[in-house]
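If you want the building blocks of each chain, they are given just below.
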Amino acid sequence: MNTQQTLTTSLDLPSYLLGAIMLIVVMVFHGLLLLQIAKRYEVKTFLLLSEHKYAEVSIYFYLSVLFLFLTHIAEIMIWGLSLYFLKLLPTLGESILFSGSAYTAMGFMEDILPDGWKMLAVIIAFSGMFAFAWTAATMISMTKNFRQAYTKRHMEKLKISADTIDRFN
């Protein structure tokens, strides 16, 4: 093995290149799906609130949360598929499990990546942290309509006048 190859491997240079590319791919994917989910939620719940269908707002909130969860699962799959197709890990299952371990920053698996690729686990973890933070911010903004529907529904149960309920924002 020559010095150049040893230096490249010891510095994990291949993992930085792949990690940067995949980080961009995963974040763009995440952003596009997140915006679609949030946009559809906001429009639909705005309409439901104006139609006094408060219970349905809750249904859309929980469905949106489910889709946000599935977005993260898809991102773990994207990372896992990339590891598998680049033959960094021997099986697809192991690749996806490793990606999930790194993405969630739980680290329940030992680092099984080959030499020269170890830094990729850290980059996968960063993508998960960025994605979870972005998702949390989106969910916080989604709770506005959810809380409003919940409160208005409670006001109806208390037999508060419809005029008063409509003024509540």
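Residues numbered from 1 in each chain as written. Predicted model: local features only at pLDDT ≥ 70, side-chain atom pairs only at ≥ 80, totals over all residues. Heavy atoms only, no water.

A. Helix 4 (residues 92-103), seen in detail. An ideal rise of 1.5 Å per residue puts 16 Å on twelve residues; helix 4 measures up with 16 Å between its terminal C-alpha atoms. The complete set of buried residues in helix 4 reads Ser95, Ile96, Phe98, Ser99, Gly100, Ser101, Ala102 and Tyr103. Check the buried side of helix 4 and you find it contacts helix 3 (54-85) and helix 5 (119-157). Phi turns positive one or two residues past the end of helix 4, at Ala105, with a value near 60 degrees. (Helix = DSSP H or I, 4+ residues; strand = E, 2+ residues; numbered from the N terminus. Expected span 1.5 Å × (residues − 1). Buried < 20%, exposed > 50% of the residue type's maximum accessible area, 1.4 Å probe, protein only. Contact = heavy atoms within 4.5 Å.)

B. Fine view of the pattern of salt bridges. Per the counting criterion, the structure on display carries one salt bridge. In this structure, the salt-bridge partner of Glu51 is Lys53, at a minimum N-O distance of 3.4 Å. With a relative accessible area of 42%, Glu51 lands in the partly exposed category. When its relative accessible area of 37% is taken as the criterion, Lys53 is described as partly exposed. (Salt bridge = Lys/Arg side-chain N within 4 Å of Asp/Glu carboxyl O.)

C. Spotlight on the nonpolar core. If you look at the biggest cluster of nonpolar residues, it comprises 19 residues, and the most contacted ones within it are Trp79, Leu83, Phe98, Leu113, Leu120 and Ile124. Where this core is concerned, the elements lending two or more residues are helix 2 (13-50), helix 3, helix 4 and helix 5. The element best represented in this core is helix 5, accounting for five residues. Setting aside chain neighbours within four positions, we find Leu83 in contact with Leu88, Leu89, Ser95, Phe98, Ser99, Leu113, Leu120 and Ile124. (Core = buried A, V, L, I, M, F, W, Y, C linked by side-chain atoms within 4.5 Å.)

D. Seen up close, a nonpolar patch on the surface. A contiguous nonpolar patch, built from Ile59, Leu63, Leu66, Phe67, Phe69, Leu70, Ile73, Met77, Leu81, Tyr84, Phe85 and Leu92 and spanning about 1100 Å² of accessible area, is present on the exposed surface. In terms of residue count, helix 3 provides more of the nonpolar patch than any other element does, eleven residues in total. (Patch = residues over 30% accessible without salt bridge, like charges linked within 9 Å, V, L, I, M, F, W, Y side chains within 5 Å. Areas by Shrake-Rupley, 256 points an atom, 1.4 Å probe, with all protein chains shown as cover.)

E. The arrangement of the packing of helix 2 against helix 5 in detail. One can describe the packing of helix 2 onto helix 5 by two numbers: an axis separation of 10 Å at closest approach and a directional angle of 10 degrees. Classed by the angle they form, the pair helix 2 and helix 5 counts as roughly parallel. Partitioning the contact of helix 2 with helix 5 into residue classes produces 18 nonpolar, eleven polar and one charged. (Axes fitted to C-alpha atoms, helices over the stretch in contact; angles between N-to-C directions. Parallel < 35°, antiparallel > 145°, perpendicular 65-115°, else oblique. Nonpolar A, V, L, I, M, F, W, Y, C, P; charged D, E, K, R; others polar.)

F. Region of the structure containing the environment of Ile37. Mapping Ile37 onto the fold places it in helix 2. Excluding its chain neighbours within four sequence positions, the residues that come into contact with Ile37 are Ser64, Phe67, Leu68 and Thr71.

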